[in-house]
Amino acid sequence: MPVPLLDLKAQHATIRDEVVAAMMKVVDAQSFILGDPVAAFEAEVAALSHARYAIGCANGTDAILLAMRALDIGRGDEVITTPFTFFATAGTIHNVGATPVFVDIEATTFNILPDAVRAARTSRSKAVIPVDLFGQMAAVEQVSAAVPGLPVIEDAAQSIGARRMVDGESRMAGEMAAICTFSFFPSKNLGGYGDGGMIVTQDASIAERLKRLRVHGGAKQYFHDEVGYNSRLDALQAVVLSAKLPHLGSWSAKRRENAAYYDAAFADLAAERALATPYVAPENESIFNQYTLRIPGGRRDALQSFLKERGIGTSIYYPLPLHLQPCFAYLGYREGQCPESERAAKEVLSLPIYPELSRAQLDEVVAGVTSFFAA
Ligand SMILES: *Cc1c(COP(=O)(O)O)cnc(C)c1O
């Protein structure tokens, strides 16, 4: 039985009627750009994230770009971030004209190290972008405390609905940062039927600014206070996402169950150090956008090929850390400067974790991994 890394058709089959009905309403109304469906979905995401304001936009990449523009970040500025993330986190820093400053990650969670952020701060630092990688929140409050006065832009593209206990209180992804960004790319836990993104904030003036920036920089149509972008969330995507949002909690819970199943099945291999199962910090509740093993000893690629032969989909997020990407050669980083990110890039392998996986499929993946190491 083949087990794909992700099976969007399986999820669609469980919600087809409600999603298609919602989409047909928009089609019949012929009202596609912003409007009530987008406002309604923005309010839902604000509520989920414990944020005052939510602003829909075209995708998760634009969300990060718009966040930096709203903070007036541009030429001559530095933005501190992690090199172990999807490209968009740093590509947007470059695209606003600023300089990405890469600092290393914690070996356990794969998230940015607050102490490294502190050490990287200069007079030109204008923001820090921690990423809530694979579904687990970064230590956003520790990153904030490490660089007092510097705004935190939380890239929560992979972590909508994730939470973290801070000083005895449960905090949502998006609640603690100056600005937080989400993506509704189809493979995220809350995926649209196309591209989509969202920005949340507690700050009224940042929210106003973002609402202008997404419509070419003018609060009033055809009058432009500044040069912005065309970056709006489609009404069609908004109704799809509103229909899916009530399921997000149970989908993420199912992912955690699947993760626990794998953890138990791989416990012996982990004890022998053949692999390491994902570490979730005790204060975090992950939404497991990915279930990412570490395979030390140079055997990761062989395991991936072995699983592929058996019809099991896996992926390497991410094979080359961003400080070593050819496009960032101009920044002058060398191998060895972010050793944990570099080691992670060589060892990680993400397994199928999506909520619709059957018990038989989970067992197929477990059998594939265990027989590789038994061979
Ligand atoms: C997916 C993702 C993005 C970009 O989202 P898009 O909607 O594809 O533009 C940004 N950052 C991270 C960490 C992501 O995983």
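All values reported here derive from a predicted model rather than from experimental measurement.

**Details of the overall build of the protein chain**
Within the protein chain one finds 12 helices and 12 strands. Computed over the C-alpha atoms, the radius of gyration of the protein chain is 21 Å, within 12% of the 21 Å expected from 2.2 N^0.38 for a compact globule of 375 residues. With the C-alpha coordinates aligned to their principal axes, the bounding extent of the protein chain is approximately 70 × 55 × 40 Å. Relative to its 375 residues, the protein chain shows a buried fraction of 53%. Counting contacts in the protein chain only where the partners sit at least 6 residues apart, residues at least 24 apart contribute 71% of the total. Total accessible area on the protein chain is roughly 15,600 Å²; 54% of this is exposed by carbon and sulfur atoms. Each charge class in the protein chain was averaged separately, 34 positive and 42 negative side chains, and the resulting centres sit 3 Å apart.

**Quick look at the domain arrangement of the protein chain**
According to the domain assignment, the protein chain contains domain 1 (8-246) and domain 2 (248-374). Each of domain 1 and domain 2 has a C-alpha centre, and the two are 24 Å apart. The partner domain 2 presents 37 residues to the 44 residues of domain 1 that form the contact. Summing both partners gives a buried area of about 3,500 Å² for domain 1 against domain 2, and 59% of it is carried by carbon and sulfur. Counting the surface domain 1 buries against domain 2, the share from its top three residues, Phe-102, Phe-134 and Asn-189, is 20%. Joining domain 1 to domain 2, the criterion identifies two salt bridges. Measuring nitrogen to oxygen at the nearest pair gives 3.2 Å for the salt bridge that ties Arg-163 to Glu-285. Between the two partners, domain 1 and domain 2, sit 25 residue pairs in polar contact (both at pLDDT 80 or more). Every element with two or more residues in the side of domain 1 that touches domain 2 is listed here: helix H1 (8-29), helix H4 (88-95), strand S3 (99-102), strand S6 (163-166) and helix H8 (235-265). Among the elements that line the side of domain 1 that touches domain 2, the one with the most residues is S3, at four residues.

**Notes on the sheet that holds strand S7 (residues 169-172)**
Spatial ordering of the open sheet is given by S7-S6-S10, a layout of three strands whose pairing is antiparallel. What marks the edges here is a single partner per strand, and that holds for S7 and strand S10 (284-285).

**Remarks on the pairing of S7**
Put simply, side chains in a regular strand alternate between the two faces of the sheet. Of the strand pairs in this sheet, S6 and S7 are connected by four bridges, and their pairing is antiparallel. Following the sheet pairing, Arg-164 is matched in S7 by Arg-171. Where S6 folds back on S7, the antiparallel hairpin that results is connected by two residues, among which Asp-167 adopts a positive phi of roughly 50°.

**What to know about unusual backbone geometry**
Put simply, Tyr-317 and Tyr-318 share a cis peptide bond, and its omega is 10°. The topology assignment puts Tyr-318 in the loop between helix H10 (300-309) and helix H11 (339-347). Phi at Phe-110 takes a positive value of approximately 70°, unusual for a residue other than glycine. As for its position among the elements, Phe-110 is in the loop between S3 and helix H5 (114-120). According to the relative accessible area criterion, Phe-110 is buried, its value standing at 6%. With phi around 65°, Arg-273 is a residue other than glycine that occupies positive phi space. On the secondary structure map, Arg-273 appears in the loop between helix H9 (267-271) and S10. Of the residues examined, Arg-273 reaches a relative accessible area of 67% and is grouped as exposed.

**Some words on the site of the ligand**
Taken together, 16 residues lie near the ligand, and Gly-60, Thr-61, Gln-158, Ser-183 and Lys-188 sit nearest. Side-chain polar atom of Asp-155 to a nitrogen atom of the ligand: 2.8 Å apart, as the coordinates give it. Where the shell around the ligand is concerned, the elements lending two or more residues are helix H3 (60-70) and H4. Ranked by residue count, the leading element in the shell around the ligand is H3, at three residues. For the shell around the ligand, the residue count by class is six nonpolar, eight polar and two charged.

**Considering the packing of aromatic side chains**
To describe a pair of aromatic rings, one takes the distance between the centres and the angle between the planes. Under the defined criterion, the tally for this structure stands at 15 aromatic pairs. Ring-pair connections join several aromatic residues into one group, and the members of that group are Phe-84, Phe-110, Phe-134, Tyr-317 and Tyr-318. Lying over the aromatic face of Phe-86, Lys-188 brings its terminal NZ or CZ to 6.0 Å of the ring centre. Cation over ring: Lys-220 sits above Phe-223, and NZ or CZ is 4.5 Å from the ring centre.

The rules we used
Residues numbered from 1 in each chain as written. Predicted model: local features only at pLDDT ≥ 70, side-chain atom pairs only at ≥ 80, totals over all residues. Heavy atoms only, no water. Helix = DSSP H or I, 4+ residues; strand = E, 2+ residues; numbered from the N terminus. Rg over C-alpha atoms; globule rule 2.2 N^0.38 Å. Buried < 20%, exposed > 50% of the residue type's maximum accessible area, 1.4 Å probe, protein only. Contact = heavy atoms within 4.5 Å. Areas by Shrake-Rupley, 256 points an atom, 1.4 Å probe, with all protein chains shown as cover. Lys, Arg positive; Asp, Glu negative; His and termini not counted. Charge placed at Lys NZ, Arg CZ, Asp CG, Glu CD. Domains from an automatic or database assignment. Buried area = accessible area lost by both parts, 1.4 Å probe. Salt bridge = Lys/Arg side-chain N within 4 Å of Asp/Glu carboxyl O. Polar contact = N/O pair within 3.5 Å; in protein donor to acceptor, adjacent residues only side chain to side chain. Pairing = 2+ DSSP bridges. Near = heavy atom within 4 Å. Nonpolar A, V, L, I, M, F, W, Y, C, P; charged D, E, K, R; others polar. Phe/Tyr/Trp six-rings, centres within 6.5 Å; stacked < 30°, edge-to-face > 60°. Lys NZ or Arg CZ within 6 Å of the ring centre and 35° of its normal.

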